[in-house]
There are 2 protein chains.
Amino acid sequence: MSKVRVHNFSISLDGYGTGEGQSLQTPFGHAGTRLVQWAFATKTFRDMGLPGEGDGSTDLDDEFARSWKPNIGVEIMGRNKFGPQRGAWEDETWQGWWGDNPPFNTPVIVLTHHERAPIHLQGGNSFHFLNADPATALQHAKELAGTKDIRIGGGVQTIRQFLQADLIDYMHLVVVPIILGRGENLWAGLEGIEQRFDVKSTPSPVGVIHLEFNRKA
Amino acid sequence: MSKVRVHNFSISLDGYGTGEGQSLQTPFGHAGTRLVQWAFATKTFRDMGLPGEGDGSTDLDDEFARSWKPNIGVEIMGRNKFGPQRGAWEDETWQGWWGDNPPFNTPVIVLTHHERAPIHLQGGNSFHFLNADPATALQHAKELAGTKDIRIGGGVQTIRQFLQADLIDYMHLVVVPIILGRGENLWAGLEGIEQRFDVKSTPSPVGVIHLEFNRKA
């Protein structure tokens, strides 16, 4: 059975997965880069061309970071992760944040109320725009992924919707010890969902806490 | 210099320090005992007569638990921690949850808009009812505590008020991996306070995460 997985998703101590005021210049709003600093310091993210100095760490954080990719056949992401535009597509030349050769190397399903023609890029990357609920989107993803797993790539609303629909098998969160106070809260409306999971915590030397949610058998 | 300390204060993953619907029968509301199970399993809490089986653990969790008491001269608590009554005191025979010989063995300042005569019990315990802001209450506490430290005993609102007033030097929180969804949220209105602290996390084998906030020099 293919699994539905979440990886490397950072939240603040008060549960926010992104700050307030997202834009092209500030994709995490007032959170700036504080939620993703731990990731940008790893070799895995540096190899994807993300900003930082040196070759990147290969320690505990990188072990978590790099497990995002193996055995994934499709990513499902929300429209807000794909880009800063909202509403009807005014600029169809926008092909995502990731340039001509994105790091996914699989089909990506972008959930949106505004469907458009798919985009095919190098390296096995393609973006498919779908107006569907989580269960339907997952069905499409499985057809594309074959026996491989599906990654739910975020943002906050997308992960929350899949959690609400009880469709997540494995979720790796990273708690960053900051209090953002504003933005999109991952936990809103999810009272009691921990009952479906075994939860394991692993602190990192850089100060974040890795949390793994594994669906109970 | 005496310090202002918080110990053994449990919150859910979504930041709630107590659930909704607190009463005499359900002091943590719909959270039940889920926030405090880790503590009730320790020797420190068992020795205070709290419910549980056996002698209690003496491991990592107990090491944290037992550090609540040494070198504390006074506790400051909110009125809601003292008891379930709200508004004017209708039952002055209520002397707190802790019986004739509470575990504090120091003076306790109870913050309330409704002052009443102090209560003196065995073992150096006394309750003093004070209508004051955090800074003023702390001044009173220091007069009673001499060179010893002051503990802020909770509940949520009281700790939050002392954090907002920037009066906390050390705070030990325990993150319990549950999503409560409702109740009193510790982090409300505290955006950015982590900047004042070094934060250290220590996971426990029982699944909770100990967080220590130490004020930066």
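Examining the environment of Leu138 of chain B
All names here are of chain B. With respect to the secondary-structure elements, Leu138 resides in helix H5 (residues 134-145). The buried category is assigned to Leu138, whose relative accessible area is 6%. Along the primary structure Leu138 and Phe162 are separated by 24 residues, whereas in three dimensions their C-alpha atoms are 9.4 Å apart. Sequence-distant contacts of Leu138, that is, excluding residues within four places in its chain, are made with Val4, Ile76, Ile150, Phe162 and Leu167.

Some remarks on the packing of aromatic side chains
Counted under the stated rule, the structure contains 26 aromatic pairs over all chains. On the basis of an interplanar angle of 40° and a centroid distance of 6.4 Å, the ring pair of Phe40 of chain B and Phe45 of chain B is categorised as tilted. Judged by relative accessible area, which is 18%, Phe40 of chain B ranks as buried. For Phe45 of chain B, a relative accessible area of 14% translates into the label buried. Summarising the aromatic geometry, the rings of Trp94 of chain B and Trp97 of chain B are spaced 5.2 Å apart at their centres and angled 90° between planes, so their arrangement reads as edge-to-face. Trp97 of chain B sits in the partly exposed class, given a relative accessible area of 33%. Taken together, the ring pairs connect Trp68, Phe82, Trp89, Trp98, Phe104, Phe127 and Phe129 of chain A into an aromatic cluster. Here the basic side chain of Arg116 of chain A rests over the ring of Trp89 of chain A, its NZ or CZ set 4.6 Å away from the ring centre.

Some points on the interface of chain A and chain B
In this complex, chain A contributes 23 residues to the contact, which on the side of chain B involves 24 residues. Contact between chain A and chain B buries roughly 1,900 Å² in total, counting both sides, with carbon and sulfur atoms accounting for 63%. Its largest share of buried area at the contact with chain B, chain A owes to Leu13, Ile179 and Glu191 of chain A, together 33% of the area lost on that side. Along the contact surface separating chain A from chain B lie four salt bridges. Ionic pairing is found between Glu194 of chain A and Arg34 of chain B, a salt bridge with its closest N-O pair at 3.7 Å. For the pair chain A and chain B, the number of links is six residue pairs in polar contact (both at pLDDT 80 or more). At the level of secondary structure, the elements contributing two or more residues to the side of chain A that touches chain B comprise strand S10 (197-203) and strand S11 (209-215) of chain A. Among the residues forming the side of chain A that touches chain B, the class breakdown is 13 nonpolar, five polar and five charged.

Structural notes on the confidence of the model for chain A
For chain A, the mean per-residue pLDDT works out to 95, and 100% of the residues sit at or above 70. The ipTM for the predicted assembly is 0.91, set against a pTM of 0.94.

Regarding the pairing of strand S7 (residues 149-154) of chain B
All names here are of chain B. Most of S7 is tucked away, with six of its six residues classed as buried. Of the strand pairs in this sheet, strand S1 (residues 4-12) and S7 are connected by two bridges, and their pairing is parallel. Bridge pairing in S7 links Val4 to Ile150. In this structure, strand S3 (residues 72-78) lies alongside S7, joined through five bridges in parallel fashion. Bridge assignment links Glu75 to a residue of S7, and that residue is Arg151.

Some remarks on the sheet that holds S3 of chain B
In sheet architecture, strand pairing relies on hydrogen bonds along the backbone and comes in two forms, parallel and antiparallel. All names here are of chain B. If you walk across this open sheet you meet the nine strands as S5-S6-S4-S3-S7-S1-S8-S11-S10, and the pairing is mixed. Where the open sheet ends on each side, the last strands, each with one partner, are strand S5 (119-120) and strand S10 (197-203). The sheet contact formed by strand S8 (residues 170-176) and strand S11 (residues 209-215) spans six bridges and is antiparallel. Paired with Val175 across the bridge in S11 is Ile209. Seen against the sheet, H5 touches S1, S3, strand S4 (107-111), strand S6 (126-130) and S7 and runs at an angle of roughly 150° to S3.

Details of the relation of the copies chain A and chain B
Once chain A is rotated about the relating axis by 180° and shifted along it by 0.0 Å, it coincides with chain B to within an RMSD of 0.0 Å. Overall, the copies show the geometry of a two-fold rotation axis. Of every C-alpha in chain A, the one belonging to Asp14 of chain A sits nearest the axis of rotation, 3.0 Å from it. Same-surface contact between copies: 100% of interface residues of chain A are shared with the interface of chain B.

A few points about unusual backbone geometry
All names here are of chain A. That bond from Gly154 to Gly155 is cis: its omega, 0°, falls within 30 degrees of zero. Along the polypeptide, Gly155 turns up in the loop between strand S7 (149-154) and helix H6 (156-164). Even without glycine at this site, Asp166 takes up a positive phi of about 60°. Along the polypeptide, Asp166 turns up in the loop between H6 and strand S8 (170-176).

Criteria and cut-off values
- Residues numbered from 1 in each chain as written.
- Chains lettered and ligands numbered in written order.
- Predicted model: local features only at pLDDT ≥ 70, side-chain atom pairs only at ≥ 80, totals over all residues.
- Heavy atoms only, no water.
- Helix = DSSP H or I, 4+ residues; strand = E, 2+ residues; numbered from the N terminus.
- Buried < 20%, exposed > 50% of the residue type's maximum accessible area, 1.4 Å probe, protein only.
- Contact = heavy atoms within 4.5 Å.
- Phe/Tyr/Trp six-rings, centres within 6.5 Å; stacked < 30°, edge-to-face > 60°.
- Lys NZ or Arg CZ within 6 Å of the ring centre and 35° of its normal.
- Buried area = accessible area lost by both parts, 1.4 Å probe.
- Salt bridge = Lys/Arg side-chain N within 4 Å of Asp/Glu carboxyl O.
- Polar contact = N/O pair within 3.5 Å; in protein donor to acceptor, adjacent residues only side chain to side chain.
- Nonpolar A, V, L, I, M, F, W, Y, C, P; charged D, E, K, R; others polar.
- pLDDT = per-residue confidence, 0-100.
- Pairing = 2+ DSSP bridges.
- Axes fitted to C-alpha atoms, helices over the stretch in contact; angles between N-to-C directions.
- Least-squares fit on C-alpha atoms with pLDDT ≥ 70 in both.

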